[in-house]
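Coordinate inspection notes
Given next are the chains, with one letter for each unit.
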Amino acid sequence: MFAIGEASRQSGVGIETIRYYEREGIVPKPERASNNRRMYSTQDIGRLRFLKKCRELGFPLADAKTLLELSEGDSEDCQSAKGLAGHHILNVRKKIKELKRLEAALTELTANCDSGSVSCPMLSQLRSM
């Protein structure tokens, strides 16, 4: 059994994030030692690592929780996991498209900055939008 600091170190999840996950019911509350300190098992730390990986992949916290539940179910529900991932892929593609539009707009706005004129064409353009 490990204290919260060690669980944080081993999982890569911050202490405040661990506490938040517990408060929100994303992970079960850990056992408590006689001094009332939280004590984490290797299974608890594994859950935290799983959530961290999901978050690194950009899954919303609700989806990460669902994936964790699916991974701990009696029989792993691959189709449900695939459905969540498929939905997430569509959202990622949408964000990429939006970021490409943003990049093009910023490139266009900054293209005139190299002219060396006293007034900034980019700032003028932003004021007139």
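Read on for an overview of the structure. Worth saying up front: this structure is predicted, and the values here are computed from it rather than measured. (Residues numbered from 1 in each chain as written. Predicted model: local features only at pLDDT ≥ 70, side-chain atom pairs only at ≥ 80, totals over all residues. Heavy atoms only, no water.)

**Here we look at the packing of helix 4 (residues 61-71) against helix 5 (residues 78-111)**
Condition: To obtain each axis, a line is fitted to C-alpha atoms, and for helices this fit is confined to the stretch in contact; angles are then taken between N-to-C directions over 0 to 180 degrees. Working definition: helices are DSSP H or I runs of at least four residues, strands are E runs of at least two. Numbering for both runs from the N terminus. For classification purposes, an angle smaller than 35 degrees is called roughly parallel, one larger than 145 roughly antiparallel, one from 65 to 115 roughly perpendicular, and anything else oblique. For a crossing to be left-handed, the near helix must be turned anticlockwise from the far one by less than a right angle; the clockwise case is right-handed. Pairs of residues are marked as contacts when any of their non-hydrogen atoms sit within 4.5 Å. In this classification, Asp, Glu, Lys and Arg are treated as charged, Ala, Val, Leu, Ile, Met, Phe, Trp, Tyr, Cys and Pro as nonpolar, and every other residue, Gly included, as polar.
Remark: helix 4 packs on helix 5, axes separated minimally by 10 Å, with the N-to-C direction vectors making an angle of 160°. Taken together, the axes of helix 4 and helix 5 are roughly antiparallel relative to one another. Remark: the crossing between helix 4 and helix 5 carries left-handed chirality. In this structure, helix 4 contributes Asp63, Thr66, Leu67 and Leu70 to the contact, and helix 5 contributes Ser80, Ala81 and Leu84. In the contact of helix 4 with helix 5, the residues fall into four nonpolar, two polar and one charged.

**Quick look at the side chain of Asp44**
Here Asp44 shows up in helix 3 (residues 42-56). Residues in contact with Asp44, not counting those within four places in the same chain, are Pro30 and Met39.

**Things to note about the side chain of Ser8**
Cut-off, in case you're wondering: Type-normalised accessible area, obtained with a 1.4 Å probe on protein chains alone, sets the label of each residue: buried when under 20%, exposed when over 50%, and partly exposed for intermediate values. Pairs of N or O atoms are called polar contacts if they sit within 3.5 Å, as long as, within protein, a hydrogen donor faces a hydrogen acceptor (for residues adjacent in sequence, only side-chain-to-side-chain pairs).
For Ser8, the position within the fold is in helix 1 (residues 4-11). Since its relative accessible area comes to 14%, Ser8 is described here as buried. Looking at Ser8, its side chain comes within polar contact range of the main-chain oxygen of Val13, at 2.6 Å. Setting aside chain neighbours within four positions, we find Ser8 in contact with Val13, Gly14, Ile15 and Ile18.

**Observations regarding unusual backbone geometry**
Phi at Asn36 is positive, roughly 75°, even though this residue is not glycine. Relative to the assigned elements, Asn36 resides in the loop between strand 1 (31-32) and strand 2 (38-39).

**Side note on the packing of helix 1 against helix 3**
Packing of helix 1 against helix 3 leaves a shortest axis separation of 9 Å and a crossing angle of 45°. Our classification of the angle between helix 1 and helix 3 gives oblique. For the element pair helix 1 and helix 3, the recorded crossing hand is right-handed. Judged by residue contacts, Ala7, Gln10 and Ser11 of helix 1 engage Ile45, Leu48, Arg49 and Lys52 from helix 3. When the residues that make up the contact of helix 1 with helix 3 are grouped by side-chain class, the tally is three nonpolar, two polar and two charged.

**Points about the packing of aromatic side chains**
This is how it is decided: By convention, a stacked pair of Phe, Tyr or Trp rings (six-membered ring in the case of Trp) has centres within 6.5 Å and planes under 30 degrees apart, an edge-to-face pair has planes over 60 apart, and any other such pair is tilted.
According to the stated counting rule, one finds one aromatic pair in the structure shown. Centre to centre, the rings of Tyr20 and Tyr21 are 6.4 Å apart; their planes meet at 55°, and the pair counts as tilted.

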